[in-house]
Amino acid sequence: MSGIGREERGRSRAAGGRGPQQPTGRGKKQPSRGGGPGRGRGRGSSATPEHSISAVMALFEQSPMEQKLTFQASSSTAVPASRPQVTAVNPPQGPSKKALTIPARPGVGSLGQKTIVKANYFLVPVTKPPAPTPQPQAPAVVTVIPQQGKLPPASTKAVRLPENPGLGSFGQKTIVKANHFLVAVADRDLNHYDVAISLEVTSKKVRRMIMDQLVKSFNSSHLGKRQLAYDGRKNCYTAGPLPFVSKEFAVTLDQDSGFRKEREFKVSIKFASKADLHHLKEFLQGRQLDNPNETIQCLDVVLRSKPYNSYEAVGRSFFHCDFGSGKLGDGLDYWKGFYQSLRPTQLGLSLNIDMSARAFIEPIYVSEFVFKYLNLTDRNRPLSDQDRIKVKRALKGVKVESNYLNYTKRFNITGVSTEPTETLMFTIDASGAQISVSEFFRQQYSIVLMYPRLPAIQSGIGRPIYIPMELCKIVEGQRYSRKLNGRQVTALLQATCERPAKREGVIRTMVETNNYNHDELANREFSIQIRPELMSVEARVLPPPMLKYHDSGRENRIQPNEGQWNMMNKKMINGGKVDFWTCVNFSRSKDHVVKRFINELVTKCLSRGMEFSPHPLVPIRTEPSNQIEKSLIGIHSDCLKTRKQLQLLLIILPDDNVTDSYGLIKRVCETELGFVSQCCQPQQILKCNNHQYLENVSLKINVKVGGRNTVLEKALCRTIPFVSDMPTIIFGADVTHPQPGDESSPSIAAVVASMDWPEVTKYRGLVSAQGHREEIIQDLYINKDSGMIREHLVAFYQNTKLKPSRLIFYRDGVSEGQFNQVLLYEVDAIRKACNELQTDYQPRITFVVVQKRHHTRLSPADHKSPNTTDKSGNILPGTVVDTKICHPNQLSFYLCSHAGIQGTSHPAHYHVLFDENKFSADSMQMLTYSLCYTYARCTRSVSIVPPAYYAHLAAFRARYYMEGGDLSDCGSAAAGPPDGVMKERVREVRALPAIMDNVKDVMFYC
């Protein structure tokens, strides 16, 4: 037996060989390669093993020698009577004349001298499908799905996710509206065709122009009057077959299409496969586990065809200035638009539509853009090298047009000259005579440049072409993909920050404007109907948990109201102890102001139950802001002279350049000197009796020195389901990626884990660098002696003297397309780490993906009802939805765990990918919601579960450790490479500096 067995693959093959290769169209299941584990991953696979998780984990029970098979060299042994004969086809009683039957095995050879040999084949356990004959018991190691009855069929390569255990029932029932619109699809013969266009056309816009012209030219003569739904790449779909299997067309685009002269393109259209609507229907009704991605993609392409031809497309969103626009400053505008995605839900297909806004480059002359981008007042001053580099980065790849040649010419900017046009020389003829760019335009075109001290635009890859900036205008509708500054981000967020009632109205208007039900392609050709009303969804409002504070306070327990509470009359449940501390001031504030603020902060910490020495270990000092690292080292050196370990350093940040100085401080303190720090904003210390600010800072200080602010009362009473009954460790994990346009910086992975069962409030953090935009966490398991999971489990045992029997893993930042890949690799890594700690140590794992970057919005059904809305007009904290708009077959739910502040609340989406603990819907939802009240940095419930939140903070903190690294807070949204051809990256990932042991044992990232 080799690789994966015949029962799972559904085909016959000899041990170790390749199965019979059948010609298959695109979208059909391809026979996989044989050869067993030694072959490694198949071509095209992305780290996803072809066998199931249960098969992988079963291998941990055997040593390599035990897994090796022993064969008899001579096949003289008789075939056991119970062994079935292997045939590739089991024909019916009366096979047709064209049916072919591969001969069955005639038996086993017996001639020759018997001997024993060993083969490099290894047994792989296989979960066999039900059969009439009794099946052997599966190994009692771990199963991918809790067996809750007979499962629908799944393909051989599918990863089976746990079945939905049912809907939740806990909480007060209510009705909310979701920005989902039901989609009805008539039965059509959907066909998928591959499209190939000659001349290496990379522009999607030009590709669409070519395909539109093809339909206009050949619709009646060659396409059977079929319309094509084209995705702008290599796929098109039809509602019915074309009158050919493969055909090549010649398509001509004339000058009206934007070309200087006519251009001819060769377009090849070839049948690939059929999209199966029956499969989609079975999936939506829960009778089929395989997600029919190709069918959904086909319908999605159809619905996106009209917006693609009308608006500027960016990812899954469409923008146009007619939807609304405004200024972001520095040469940038924002355009409003809408996000659109077709999704399978419990109620059927739904179209998710939401408001969106994006930064676009202002369509002005390049010279004007440069003045705005750099905020230059003196337009006659040459650019410094630093400014020129900024401009080059901002303009690279931007499309501009010029008309000084009496016709409009468009080209992309490839660079910016190092010299201004008045001194930039080039050779004009064979004699070698040289002339400046500004002088050339004066002589050749009678154009006297207004800004000869600006550099020139560079076009072309080989020999560059130089054109003055003031003669080139930026083409309208080009998105700006680089990092925005704080002011621009605020303006962009405000563009879509609308209260729920107004947001609903804007979304309805967009649906009416798109007019899907009168679209020729979507409605008439493919018979797709969109119900124009927002979907009404049953929801429940979960009750907030009871929080416990120290008994010495006047109030020792509190049940929050609308997701918030305060610290009045309360003391921290476990106040931290700070014996040795000091303060350094890098701002321009006077010494007496700093000392007053520090005294107020110490007093606040004491009043909240902390033990805080009133006197610093070394005197408070003021240092210059341009010598931060030197000052920190000096403070550390002075503390060492006292022979006492500094526990906490309070820092007043500089008035200017706060971001850079903050990163430097954290890197030096946490990776070089080994103490935690608390930074304070210089503008805040000027305020007297700034109680709320002091309150928040004291909460952060307490957890940084090992204290707890509050705990769930049920945790102390040990009545939290699936947590209190046995030792449980809760993990949070996230990966942050570099900002768009960065093609070399590593991604940062962070994993935090609770260290204090049964309270589950203290989270220890670990970070690591990994490959550029790599989403899979690589260092969960490294070897038997190292890895993030192993280190956390060892620390948990050292803190509690218990081995966790249950493991709950909240994973942030994973898109739906990466579910299987992340599940297979990361659960496998967790299992390996546990097994290496102790043989047969297999805690029950529940793996939950947390998604914040989605576009589902929930709003009250009645915006005027005080019983269903909070003060901001949003749905109440604790509102959970697990019906209609959620996954048709698996446990997923939307949870709004926080109170709205401005705009429309954004619920988090939780999707359970793996569950050996067999959570019910109510228990998973209530645990997640309760944990949201344990966030250490404020007295509010937060929008995502704190372990995932902490992991994000730790990953963002680690980016500061990379000197000169990217400091953008990009989250995990852009897990794939940016648009265009990615440069080959051969640089090895530089390891992060190690966090000092005494620092990573506390919540330093808060």
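This is a predicted model, so every value here is computed, not measured. (Residues numbered from 1 in each chain as written. Predicted model: local features only at pLDDT ≥ 70, side-chain atom pairs only at ≥ 80, totals over all residues. Heavy atoms only, no water.)

A. Representation of the overall build of the chain within the structure. The number of helices and strands found in the chain is 23 helices and 42 strands. Excluding contacts between residues fewer than 6 apart, the proportion of contacts in the chain whose partners are at least 24 apart in sequence is 71%. On the chain, roughly 47,700 Å² of surface is accessible, and the fraction owed to carbon and sulfur atoms is 49%. (Helix = DSSP H or I, 4+ residues; strand = E, 2+ residues; numbered from the N terminus. Contact = heavy atoms within 4.5 Å. Areas by Shrake-Rupley, 256 points an atom, 1.4 Å probe, with all protein chains shown as cover.)

B. Summary view of the sheet that holds strand β6 (residues 229–230). Strand order in this open sheet of five strands is β6-β7-β5-β9-β8, and the pairing throughout is antiparallel. Edge strands, defined here as strands with exactly one partner in the open sheet, are β6 and β8 (246–253). Note that β6 and strand β7 (residues 235–239) share two bridges and pair antiparallel. Considered in β7, the bridge of Ala229 is made with Tyr237. (Pairing = 2+ DSSP bridges.)

C. Looking closely at the pairing of strand β9 (residues 263–275). The pairing of strand β5 (residues 190–197) with β9 spans eight bridges and is antiparallel. Residue pairing across strands places Val195 opposite Ile269, the latter belonging to β9. Sheet topology places β8 next to β9; eight bridges connect them, and they run antiparallel. Residue Leu253 lies in a different strand from β9, and its bridge partner there is Arg263.

D. Spotlight on the pattern of salt bridges. Counted by the stated rule, this structure contains 45 salt bridges. Between Glu555 and Lys570 there is a salt bridge; the shortest N-O distance is 3.3 Å. Of the two residues, Glu555 is situated in the loop between β25 (547–548) and β26 (557–558) and Lys570 in the loop between β26 and β27 (577–578); the sequence distance between them amounts to 15 residues. Relative accessible area serves as the criterion here: at 30%, Glu555 is assigned to the partly exposed category. The salt bridge involving Arg811 is made with Glu775; its shortest N-O contact spans 3.1 Å. Of this pair, Arg811 sits in strand β37 (residues 806–812) while Glu775 is found in the loop between β36 (763–770) and α19 (788–800), placing the two residues 36 residues apart along the sequence. What makes Arg811 buried here is its relative accessible area of 0%. A relative accessible area of 3% means that Glu775 is categorised as buried. What emerges from the salt-bridge pattern is a single network uniting Arg764, Glu791, Asp997, Lys1000 and Asp1001. (Salt bridge = Lys/Arg side-chain N within 4 Å of Asp/Glu carboxyl O. Buried < 20%, exposed > 50% of the residue type's maximum accessible area, 1.4 Å probe, protein only.)

E. A look at helix α21 (residues 921–931). Of all 11 residues in α21, 10 are buried, a share of seventy percent or more. Regarding α21, the residues found buried are Ala921, Ser923, Met924, Gln925, Met926, Leu927, Thr928, Tyr929, Ser930 and Leu931.

F. Just empty space enclosed by the protein, in detail. As enumerated under the stated definition, the model contains three cavities of 30 Å³ or more in all. Quantified by volume, the largest cavity comes out at close to 100 Å³. Lining the largest cavity are 16 residues, with Asn709, Thr710, Thr934, Tyr935 and Ala936 sitting closest to its centre. Partitioning the lining of the largest cavity into residue classes produces eight nonpolar, six polar and two charged. (1 Å grid on protein atoms, 1.4 Å probe; cavity = no way out; pocket = protein on both sides within 12 Å on 5 of 7 lines; lining within 4 Å. Points joined across faces, edges and corners; volume = space filled by probe spheres on them. Nonpolar A, V, L, I, M, F, W, Y, C, P; charged D, E, K, R; others polar.)

G. Expanded view of the layout of surface pockets. There is about 450 Å³ of room inside the second largest pocket. As for the second largest pocket, its lining consists of 20 residues, of which Phe426, Phe440, Pro464, Ile465 and Tyr466 are closest to the centre. Sort the elements by how many residues they give to the lining of the second largest pocket and helix α9 (residues 437–445) lands first, with four residues.

H. The pairing of strand β38 (residues 844–851), seen in detail. Most of β38 sits inside the fold, with seven of its eight residues counted as buried. With seven bridges connecting them, β37 and β38 associate as parallel partners. Pairing of Asp812 across the sheet is with Val850, part of β38. Sheet topology places β38 next to strand β42 (residues 908–915); six bridges connect them, and they run antiparallel. Bridged to Val848 within β42 is Val912.

I. Seen up close, the sheet that holds strand β16 (residues 409–412). Judged by pairing direction, the sheet is antiparallel, and its three strands sit side by side in the order β16-β15-β22 without closing on themselves. Of all the strands in the sheet, just β16 and β22 (473–474) have a single pairing partner and so form its edges. As defined by bridge partners, strand β15 (residues 399–402) adjoins β16 across four bridges and the pair is classed as antiparallel. Opposite Ser402, over in β16, you have Lys409 as the bridge partner.

J. Quick look at the environment of Glu264. Checked against the element boundaries, Glu264 lands in strand β9. For the pair Glu264 and Ser198, spaced 66 residues apart in sequence, the C-alpha separation works out to 9.2 Å.

K. Examining the packing of aromatic side chains more closely. Counting across every chain of the model gives 34 aromatic pairs. Considering the side-chain rings of Phe597 and Tyr693, the 6.3 Å spacing of their centres and the 40° angle between planes classify their relative orientation as tilted. Taken together, the residues Phe597 in helix α13 (residues 591–607) and Tyr693 in helix α17 (residues 691–704) connect sequence positions 96 residues apart. Under the relative-accessibility criterion, Tyr693 is labelled buried at 16%. Aromatic side chains Tyr935 and Tyr950 sit 5.5 Å apart centroid to centroid with 20° between the ring planes, which places their arrangement in the stacked category. Note that Tyr935 is positioned in the loop between α21 and α22 (946–960) and Tyr950 in helix α22, a separation of 15 residues in sequence. In this pair, the class of Tyr935 matches that of Tyr950, namely buried. The structure contains a cluster of three or more aromatic residues connected by ring pairs, namely Tyr763, Tyr935, Tyr949, Tyr950, Phe1004 and Tyr1005. (Phe/Tyr/Trp six-rings, centres within 6.5 Å; stacked < 30°, edge-to-face > 60°.)

L. Inspection of the environment of Gly674 at higher detail. Here Gly674 shows up in the loop between α15 (658–673) and β32 (676–680). In the structure, Gly674 is positioned 29 residues away from Gln645 in sequence and 9.3 Å away in space, judged by C-alpha atoms. Excluding residues within four positions of it along the chain, Gly674 makes contact with Gln645, Cys669, Met996, Asn998 and Val999.

M. Representation of unusual backbone geometry. Residues Trp757 and Pro758 are joined by a peptide bond in cis, for which omega reads 10°. Summarising the element assignment, Pro758 is placed in the loop between β35 (747–754) and β36. Positive phi outside glycine occurs at Asn375, with the angle close to 55°. Look at Glu562: it is not a glycine, yet its phi comes out positive at around 55°. Residue position: Glu562 is located in the loop between β26 and β27.

N. Looking closely at helix α5 (residues 277–284). Inspection of α5 places Leu277, Leu280, Glu282, Phe283 and Leu284 among the buried residues, and these make up the whole buried set. Along its buried surface, α5 packs onto β4 (180–185), β5, β9, α6 (293–310), β13 (332–345) and β14 (348–361). Two or three places before His278, at the opening of α5, Asp276 has a side-chain oxygen 3.0 Å from that residue's backbone nitrogen. A positive phi of about 80° marks Gly286, the residue just after α5. (Polar contact = N/O pair within 3.5 Å; in protein donor to acceptor, adjacent residues only side chain to side chain.)

O. Geometry of the side chain of Lys1000. Its place among the elements puts Lys1000 in helix α23 (residues 997–1000). For Lys1000, the residues in contact, after removing those within four places along its chain, are Arg764, Gly765, Leu766, Glu791 and Ile995.

P. Examining the side chain of Glu826 more closely. For Glu826, the position within the fold is in helix α20 (residues 819–837). For Glu826, a relative accessible area of 0% corresponds to the buried category. Polar contacts involving the side chain of Glu826 include one to the main-chain amide nitrogen of Ile777, which spans 3.1 Å. Setting aside residues up to four positions removed in sequence, Glu826 forms contacts with Glu775, Ile776, Ile777, Leu780, Phe809, Arg811 and Phe847.

Q. The environment of Ile175, seen in detail. Tracing the sequence through the fold places Ile175 in strand β3 (residues 172–178). Taking the C-alpha atoms as reference points, Ile175 and Ile875, separated by 700 residues in sequence, lie 10.0 Å from one another. Not counting residues up to four positions away in its chain, the partners in contact with Ile175 are Ser536, Val537, Glu538 and Ala861.

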